[in-house]
Amino acid sequence: MPSTRRRRKIALACQGGGSQTAFTAGALDALFSENFQSDFELVSLSGTSGGAICAGLLWYALRKGDAQPSKRLLDFWLDNMAQTAAERQFNDQVIETLRATSKGHMPHFNMSPSDPLAKWMMALSTQSLRPEFTDFALLLQKHFDFAELQAWGPQPQAPALLLGAADILTGELRKFNSRTESIQLEHFLASCAVPNIFPAVLHEGRAYWDGLFSDNPPINELVRAQYVGEGNIPDEVWVIKINPTGCRSVPELPEAIADRRNEMVGNVSLFQQLDTLSWLNELMLRDAFRPEFLAQFDIRQPVLIPKCHLAQATAPYHIPFIEMSEALHELDYESKLDRNPENLTRLIEDGRRQASLFLQGRRAALRSG
């Protein structure tokens, strides 16, 4: 006799991290390859920077009804890899130069990505490379039909897609939301605009930088009906996490200090949001809210959120992140820019392994619960 158990509603939040978010592509591929939707209902997705690209591609595939939704992610990352000998040489030279600079073996020169000289030098050094390898907008346009997205208009049905960015001039946080607006090229560019790599993204009278300055990734909005829609409040929030929480020893070398600083900055907004949700969940468990009040927001029980070092509640609703294996915690900041096939393939495969183990654990918990 088939089970009548309601599928648990899931929100997926994808942290940013440049090339390291190939891990996210692998994780999402494993979830869908192992048919996680037979036990869980995906009601919303959020992402920042590289996480926004992964979340966006998956959302796009689901909206189009692709038989294999994660194929779009894998195709994107294949295209993003250094494929030709010239691309490999260019990629490796850039990464090794950055590493040598971080170690103090080479001088560091500050140059704005908006500087005409910087643009000329980039154009000169990339003449023999594929256009989509050097022009991020072209790469995105190859994998999203933005004219189609514009024609769709807002998509109020689940899953909702939220992309994080930051308004430079006002300092406000911005969440581009598929339920209320057409998803556009500029939304992804804004979420990915790392200031020392890409110029500010100008869109509809505003200027944006990387979502790292916003929420990495958006979390709080995933449990609010005004963002994701009534009926789409998740039972669980799964965070696909790129930046390690801890490290083995105190960094002392300049490059190690820079790496650890980048990891900690990338986690600040995430832990703040999870700490807030943890506190609200504790209040709910202690009956601090009237049921009729919670019903106005379609909240019937505490939301399952990932365990983190700032969320010290002992209630049993905490679950782990989907994050990289211990072996990949050694990756440096430069690996977030490295498009070498070996680097990206290693990350994708680790994402598949970690997400598969995670899913096994969640399914076992459902059976025992």
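Look a little higher up for the structure.
Now for a quick tour of the structure. Please read these numbers as outputs of a predicted model, since none were measured by experiment.

A tally of regular secondary structure across the protein chain gives 13 helices and eight strands. Expected size for 369 residues packed as a compact globule is a radius of gyration near 21 Å; at 21 Å, the protein chain falls within 12% of this value. With the C-alpha coordinates aligned to their principal axes, the bounding extent of the protein chain is approximately 60 × 50 × 45 Å. For the protein chain, buried positions account for 51% of its 369 residues. Within the protein chain, contacts between residues separated by at least 24 positions form 75% of all contacts whose residues are at least 6 apart in sequence. Looking at the protein chain as shown, the accessible area adds up to about 17700 Å², and 55% of this sits on carbon and sulfur atoms. Counting 36 positive and 44 negative side-chain charges, the protein chain places the centres of these two groups 5 Å from one another.

So, on to the environment of S44. Counting through the fold element by element, S44 comes out in strand β2 (residues 40-48). On a C-alpha basis, the gap between S44 and Y227 in space is 9.7 Å, while along the polypeptide they are 183 residues apart.

As a further point, take the state of the cysteines. What the rule picks out here adds up to zero disulfides. Free of any disulfide, C192 has its nearest cysteine sulfur in C54, 9.5 Å distant. For C192, a relative accessible area of 7% corresponds to the buried category.

Under the criterion given, the structure shown has 27 salt bridges. With a closest N to O distance of 3.3 Å, R174 and E181 form a salt bridge. Of the residues examined, E181 reaches a relative accessible area of 16% and is grouped as buried. Notably, a salt bridge pairs R362 with E236, separated by 2.7 Å at the nearest N-O pair. Here R362 is found in helix α13 (residues 341-368), whereas its partner E236 is found in strand β7 (residues 236-241), with 126 residues between them in sequence. Using a relative accessible area of 11% as the deciding quantity, one classes R362 as buried. Through salt bridges with shared partners, a single ionic network connects D79, E87, R130, E132 and K142.

Mapped onto the secondary structure, A160 falls in strand β3 (residues 160-167). Along the primary structure A160 and N177 are separated by 17 residues, whereas in three dimensions their C-alpha atoms are 7.2 Å apart. Not counting residues up to four positions away in its chain, the partners in contact with A160 are V43, S44, L45, W59, S178, R179 and V228.

Over its 18 residues, helix α4 (residues 85-102) extends 26 Å from the first C-alpha to the last, a length consistent with the 26 Å expected when each residue adds 1.5 Å. The complete set of buried residues in α4 reads E87, N91, I95, A100 and T101. Looking at the buried side of α4, the elements it contacts are α6 (131-134). The positive-phi residue at the C-terminal boundary of α4 is G104, with phi of around 85°.

For the rest of this paragraph, the subject is the pairing of β2. The element β2 is largely enclosed, with a buried count of eight among its nine residues. Here strand β1 (residues 8-14) runs beside β2; their pairing, made up of seven bridges, is parallel. Bridged to A11 within β2 is S44. In this fold, the crossover linking β1 to β2 by way of helix α1 (residues 22-33) has right-handed handedness. For β2 and β3, the ladder comprises five bridges, and the chain directions are parallel. Across the sheet, the residue bridging to T48 is G164, located in β3.

What counts, and where the lines are drawn
Residue numbers run consecutively from 1 along every chain, following the written order of its sequence. Restriction of local features to residues with pLDDT of at least 70 applies here, the model being predicted, together with a cutoff of 80 or more for giving and counting side-chain atom pairs; totals for whole chains, interfaces and linings are based on all residues. Hydrogens and waters are ignored; side-chain quantities use all the structure's heavy atoms. A helix here means a DSSP run of H or I that spans at least four residues, while a strand means a run of E at least two residues long, and both kinds are numbered starting from the N terminus. For this measure, only C-alpha atoms enter the radius of gyration; the expected value for a globule follows 2.2 Å times N^0.38, where N is the number of residues. Only protein chains enter the accessibility calculation, which uses a 1.4 Å probe; a residue is then buried when its area is under 20% of its type maximum, exposed when over 50%, and partly exposed in between. A contact between two residues is defined here by any heavy atoms of the two lying within 4.5 Å. What sets the accessible areas is the Shrake-Rupley method with a 1.4 Å probe; for residues, cover comes only from the shown protein chains. A residue counts as positive if it is Lys or Arg and as negative if it is Asp or Glu; His and the chain ends are not included. Here the site of a charge means NZ on Lys, CZ on Arg, CG on Asp, or CD on Glu. Note on terminology: pairs of cysteine sulfur atoms within 2.5 Å are recorded as disulfides. Only one rule defines a salt bridge in this text: a Lys or Arg side-chain nitrogen within 4 Å of an Asp or Glu carboxyl oxygen. A helix is expected to span 1.5 Å multiplied by its residue count minus one. Only strands joined by at least two bridges in the DSSP assignment are considered to pair. When the strands point away from the viewer, a crossover counts as right-handed if the route from the first strand across the helix to the second turns clockwise.

By themselves these figures say nothing about function.
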